[in-house]
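So the chains spell out like this:
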Amino acid sequence: MVDDKYLGLNDLRQNLRDLLQHDIDEIEVNIKYFQDTLTSFQTKALPTPDEMMAKHKQKELDRDSFKATESALRNKEPFVVDKEVTKTYAEELFELEERTKGVYSLIDMLSKRQKMANQVSSGFPLLLQITKELTPFKQFWEISYKFSQKRLAWWDNKLNTINCVVLQDNINAWFKSLNNIKNFSQIVNYPKPKLVLDYIWSEIETFKSFLPMVMRLRAKGLEKRHYVEMSRMIK
């Protein structure tokens, strides 16, 4: 490699052009990847109970996934809120977000180099649009994953094992976030994600409706005799 001090101005200018083009090519490759990922998430959904049972027959389900599938079949639910599926989607979008940060850093560096070369900075408006559309998908699948970790325990465990403060804080925060996603994002324009969004929202809304009763049943003033009396009343 020839030392820069032995190059002429035309050589240095060409090297700078080559470097700028290399950065632009790398950014455009990433934008294409982000666009493809966005397209894939526009058609993603949770698995149906039948799809999960097919996996069970192939011995591809762990204990938690099988338990979630049994619950979905028993309650005739359209989807299985599977922890592994939601975790995969949430992690994929988290990694994508980290990758976009790297691309934005490269764009910032490119802008400085273009200024040195007296070139107009490249704006890459498509990247801004893609990032904006991906954000609610990331929020939604993160909530779905967190909900999948808690859902069966909240339904099936005894009341005295439930931390009511955590339950209330989580449900209220998730409900508020999902309302924003439903009302202000593009997810509702895509049939499959919209079905899952509506389903998760309705599940969390159901939990929200039970919060007052759970809070009262966990009141410190209640004694064993109260629970015995309530058990008699609902039998």
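Going by the structure above, here's the rest.
The structure reproduced in this document is the subject of the present report. These figures come from a predicted structure and were not determined experimentally. (Residues numbered from 1 in each chain as written. Predicted model: local features only at pLDDT ≥ 70, side-chain atom pairs only at ≥ 80, totals over all residues. Heavy atoms only, no water.)

Quick look at the layout of surface pockets
Where we set the bar: Definitions used throughout: a 1 Å grid over protein atoms alone; a cavity as a set of points that fits a 1.4 Å probe which cannot get out; a pocket as an open set with protein on both sides within 12 Å along at least five of seven lines; a lining residue as one with an atom within 4 Å of a point. Grid points are joined across faces, edges and corners, and a volume is the space filled by probe spheres set on the points. Secondary structure elements are taken from DSSP: a helix is a run of H or I of four residues or more, a strand is a run of E of two residues or more, and numbering for both begins at the N terminus. Following the grouping adopted for this structure description, the nonpolar residues are Ala, Val, Leu, Ile, Met, Phe, Trp, Tyr, Cys and Pro, the charged ones are Asp, Glu, Lys and Arg, and the polar ones are all others, Gly among them.
Its boundaries defined by the atoms lining it, the largest pocket holds a volume of some 310 Å³. Trp154, Trp155, Leu159, Met213 and Val214 are the residues nearest the centre of the largest pocket, which is lined by 13 residues in total. Counting residues per element, the ones that place at least two in the lining of the largest pocket are α5 (125-156) and α7 (191-217). If one sorts the elements of the lining of the largest pocket by residue count, α7 sits on top with six residues. Looking at the lining of the largest pocket, its residues break down into eleven nonpolar, one polar and one charged. Reported here for the second largest pocket is a volume of approximately 230 Å³. What lines the second largest pocket is a set of 14 residues, and nearest its centre among them are Asp64, Lys83, Ser148, Gln149 and Leu152.

Structural notes on the pattern of salt bridges
What counts is decided by this rule: Salt bridge, as used here, is a side-chain nitrogen of Lys or Arg placed within 4 Å of a carboxyl oxygen of Asp or Glu. Categorising residues by exposure relies on relative accessible area from a 1.4 Å probe, with only protein chains included: less than 20% of the type maximum marks a residue as buried, more than 50% marks it as exposed, and the intermediate range marks it as partly exposed.
Tallied over the entire structure, the rule returns twelve salt bridges. With a shortest N-O distance of 2.8 Å, lysine 32 and aspartate 36 are connected by a salt bridge. With lysine 32 and aspartate 36 both in helix α1 (residues 9-41) and four residues apart, the pair spans about one turn of that helix. What makes aspartate 36 partly exposed here is its relative accessible area of 39%. When the shortest N-O distance is used, the salt bridge between lysine 138 and glutamate 97 registers 3.4 Å. Highlighted residues: lysine 138 in helix α5 and glutamate 97 in helix α4 (residues 83-116), separated in sequence by 41 residues. Among the residues examined, glutamate 97 registers a relative accessible area of 32% and is labelled partly exposed. Salt bridges sharing partners connect three or more residues here, namely Arg63, Asp64 and Lys83.

Focus: helix α6 (residues 164-184)
Rules: Helices are assigned an expected span. That span is 1.5 Å times one less than the residue count. Picture the helix axis, draw a direction to every C-beta atom, and the arc is the one those directions span. Note on contacts: a residue pair is in contact if any heavy atoms of the two residues lie within 4.5 Å. Here a polar contact is taken to be a pair of N or O atoms separated by no more than 3.5 Å, where protein atoms must pair a possible hydrogen donor with a possible acceptor and residues adjacent in sequence count only if both atoms sit in side chains.
Given a rise of 1.5 Å per residue, 21 residues ought to cover 30 Å, and the 30 Å separating the end C-alpha atoms of α6 matches this to within 8%. Within α6, burial applies to Cys164, Leu167, Asn170, Ile171, Trp174, Phe175, Leu178 and Ile181. Each buried residue of α6 lies within a common arc of 130° when the element is viewed along its axis, so the set occupies one face. Opposite the buried face of α6, by more than 90 degrees, sit the exposed residues Val165, Lys176, Asn183 and Phe184. Here the buried face of α6 lies against α5 and α7. The opening residue of α6, the one whose side-chain oxygen lies 3.1 Å from the backbone nitrogen of valine 165, is asparagine 163.

Some remarks on a nonpolar patch on the surface
Using the following cut-off: Two joining distances apply to patches: 9 Å for like charges and 5 Å for nonpolar side chains (Val, Leu, Ile, Met, Phe, Trp, Tyr), and every residue must have over 30% relative accessible area and no salt bridge. Every accessible area reported is derived by Shrake-Rupley at a probe size of 1.4 Å, with residue values counting cover from the shown protein chains alone.
Residues Trp155, Phe210 and Met213 make up a contiguous nonpolar surface patch of roughly 280 Å² in combined accessible area. Within the element layout of this structure, tryptophan 155 appears in helix α5. Of the residues examined, tryptophan 155 reaches a relative accessible area of 38% and is grouped as partly exposed.

Here we look at the packing of α5 against α6
Our working rule: Helix axes are fitted only over the stretch in contact, all axes being lines through C-alpha atoms; the angle between N-to-C directions runs from 0 to 180 degrees. A crossing counts as left-handed when the near helix is turned anticlockwise from the far one by less than a right angle, and as right-handed when that turn is clockwise.
Relative to each other, α5 and α6 sit at 145°, their axes nearing to 11 Å. Of the two elements, α5 crosses α6, and the hand of that crossing is left-handed. Along its contact with α5, which presents Pro136, Gln139, Phe140, Ile143, Lys146, Phe147, Lys150 and Trp154, the element α6 presents Leu167, Asn170, Ile171, Trp174, Ser177, Leu178 and Ile181.

Nothing here speaks to function; it is all geometry.
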